[in-house]
Amino acid sequence: MLELKNISKTFNPGTVNEKSALSHVNLHLDNGDFATIIGSNGAGKSTMFNAITGSFYVDEGDIILDDENITYVPEYKRSKMIGHLFQDPLLGTAPHMTIEENLTLAYLRASTKSHQFFSRLSKKDKEKFREQLALLDMGLEDRLKQPVGLLSGGQRQALTLLMATMVTPKILLLDEHTAALDPATAEKVLKLTKDIIAERGITCLMVTHNMHQALELGNRTLMMDSGRIVSDIYGEERTKMTVDDLLTKFKENVGAQLDNDRILFSKEK
Amino acid sequence: MYRKHPAEFFGRMFPITVTGERFGNDMETIFTASIIQSAMELGCIYALVAMALFISFTILNIADLSTDGCFTLGCAVGAVVTLTGHPILGLLAAMGTGVLSGFITAFLQTKMGVESILAGIIVNTGLYTINIMVMGFSSNINLFKCDTIFSMVKAKVEGIPFLASWYKMIIVLVIVIIIGILISIFLNTRIGLSIRATGDNPHMVRASSINPAFTITVGLCVANSLTALSGAVLAQYQKSCDINFGTGMVTIALASLIIGETLIGKGSMLRRVLGVILGSCLYRFFVAIALRLNIPAESLKLVSALIVAIAISFPYMKNKLALFKQIHAARRERMGR
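Every value quoted in this text rests on a predicted model; they were computed, and no experiment measured them. (Residues numbered from 1 in each chain as written. Chains lettered and ligands numbered in written order. Predicted model: local features only at pLDDT ≥ 70, side-chain atom pairs only at ≥ 80, totals over all residues. Heavy atoms only, no water.)

J.: Just checking my understanding: could you explain the packing of aromatic side chains for this structure?
T.: For any pair of aromatic rings, the description consists of the separation of the ring centres together with the inter-plane angle of the planes. All names here are of chain B. Going through the model one piece at a time under the given rule, you end up with seven aromatic pairs over all chains. Each ring, one from Phe 162 and one from Trp 166, has its centre 6.0 Å from the other, and the planes form 20 degrees; the classification is stacked. A residue pair is termed a helical-turn pair when its members lie 3 or 4 positions apart in one helix, as Phe 162 and Trp 166 do in helix α8 (residues 161–186) at four residues. For Phe 162, a relative accessible area of 53% puts it in the exposed group. A relative accessible area of 30% places Trp 166 in the partly exposed class. (Phe/Tyr/Trp six-rings, centres within 6.5 Å; stacked < 30°, edge-to-face > 60°. Helix = DSSP H or I, 4+ residues; strand = E, 2+ residues; numbered from the N terminus. Buried < 20%, exposed > 50% of the residue type's maximum accessible area, 1.4 Å probe, protein only.)

Put into structure tokens, the structure is as follows:
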């Protein structure tokens, strides 16, 4: 369960570059909720994610994850509970380290005992990694010793997904994680994402610029504009909604057309 | 240096290929076993600093400029403790102070917001005074009258033909190989992997519940303990300690590191660590050549700078040359048609 209570963030306050990136955002996600987020560029989608992961502290408000107030918990401690995937597939993995070494790092989140700090990779770990990589169906299970830098963007993103969910996170944040991939690979990574989320009932927030995805995936659709959540669509309203309805609703709520070319293109599937 | 006939000059450079009576008399002055031996001994001692930079510069991607001061700190602490009659304790004490020095450098950059290069420079500056203080406010100490690890072993192997002349080599080799193996094991543990990831992709590290401040601190502490150990071994090896021993150590270690990496390339951690040791020995070998060519000792720093510049740019220039050849060939082919 994730709860954002009235959170605000202003960048460069008191200067000409002052930008109110988040203003009084409220959000309540139940366990197992899967919400897609749409909004124009600069609407505050990524900023909201960064507030949740803790790359900065919010100016006001509270962030509560599973009954724990994490507003001032440092980023590296929060990341034990949060999985975060970026649009750029290069950000989630260490290129000069091998696949198994990357997976070992992800696995660190599971273990907090200090004696494990000095332990090395065991045969059992390797076997486990091999099994999980096989699920990706990308042939990575036979390339454990290869540096991640040699993989393609799609393979790296799939690996990042595996790493982010290796220890089931309390919440998974997907920031357009398939946008930089070619259509076929994007499809594959998206299917993996859906399977993993459904299988383990992970609570998830996903930014997308694809209107079809926004309505198809998950059980809620959030609309953001100027640092606020302007609309929260769920239940029957959502099941009946078409892409055109969604665009109309956006215009009503925001008072402007969606300004993003990608969104308009993605209207026609 | 008096002027020599060019043939004689080259004869000096390539003594093995040029045999015969013409250069026969000169040959003995070239690479005697003892010169190579002492170059290798120094190479192994300085390899510890190169390994330290391997951790801080290659792995953590931090240019740790406190290396010079930390090396002298190891020298000074090692020498002072050795003077009290405990040479082995001297090595350990030096490592301890190295950890401390690394901790302060790391603290400045992770907790006080000081730029990493600046943190190194600040610590380096401060260490100068501390080193003088450690040496009892003098700029050098000599260890001629007390036991060192070398003299202790020497007393044991006296009279045994092979050991009596190679004992120093064996001591430093044992130290450097033990440390090398320990480091490569360490870098494959979970904490070691975290340190490597910190230098490779800080973004990912934060998302993997690793605290980069912690990994940087551990990495710099380990690195600087090796730097200080190297200083302490050198002090005992040369039976003296001077405030200027550490000057330019960063460049020298960097040269060794880059030579090793250029030769060995990427691979497992053990392989890369061994490459660093090899690089350090090779660097000392180059210096020995320079010395044999009668380059005055004062010019050695310039020679090291040149070696570093060449070693670093070598892989780049090699690619450039290949590209140039390719373009040239393509152009010729077009002309041919």
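Having put the structure on the table, let's press on.
J.: Help me out: how do you make sense of helix α5 (residues 153–166) of chain A in this one?
T.: Taking 1.5 Å per residue as the helical rise, α5(A) with its 14 residues ought to reach 20 Å, and the 19 Å between its terminal C-alpha atoms agrees with that figure. The buried fraction of α5(A) amounts to 13 of the 14 residues, a majority that puts the element mostly inside the structure. (Expected span 1.5 Å × (residues − 1).)

J.: What's the story with the pairing of strand β8 (residues 204–207) of chain A in this structure? I'm lost.
T.: Note on strand geometry: in a regular strand, side chains alternate between the two faces of the sheet. Residues and elements named next belong to chain A. Here β8 shows a buried face lined by Cys 204 and Met 206 and a second buried face lined by Leu 205 and Val 207. With four bridges joining them, strand β3 (residues 34–39) and β8 adopt parallel strand pairing. Looking at the pairing, Ile 37 lines up with Val 207 of β8. With four bridges connecting them, strand β7 (residues 171–175) and β8 associate as parallel partners. Opposite Leu 172, over in β8, you have Cys 204 as the bridge partner. (Pairing = 2+ DSSP bridges.)

J.: Is there a simple way to explain the sheet that holds strand β6 (residues 82–85) of chain A in this structure?
T.: In any sheet, the strands associate via hydrogen bonds between backbone groups, in a parallel or an antiparallel arrangement. All names here are of chain A. An order of β6-β7-β8-β3-β9-β10 is seen for the six strands of this open sheet, with the pairing classed as mixed. Of all the strands in the sheet, just β6 and β10 (228–234) have a single pairing partner and so form its edges. Recorded for the sheet is a direction-independent mean angle of 20 degrees between the axes of neighbouring strands. Here helix α6 (residues 183–200) sits on the sheet in contact with β3, β7 and β8, set at roughly 165 degrees to β7. (Axes fitted to C-alpha atoms, helices over the stretch in contact; angles between N-to-C directions. Contact = heavy atoms within 4.5 Å.)

J.: Help me understand the sheet that holds strand β1 (residues 2–11) of chain A, please; the structure alone is not making it clear to me.
T.: Residues and elements named next belong to chain A. The sheet built from four strands is open, its strands ordered β2-β1-β4-β5 with antiparallel pairing. Pairing within the sheet leaves two strands with one partner each, and these edge strands are β2 (19–29) and β5 (68–69). Two elements, β1 and β2, share seven bridges in a ladder whose sense is antiparallel. Looking across to β2, one finds that Leu 2 is bridged to Leu 29. Sitting on the sheet, helix α1 (residues 45–53) is in contact with β1, β2 and β4 (60–65), with an inclination near 65 degrees to β2.

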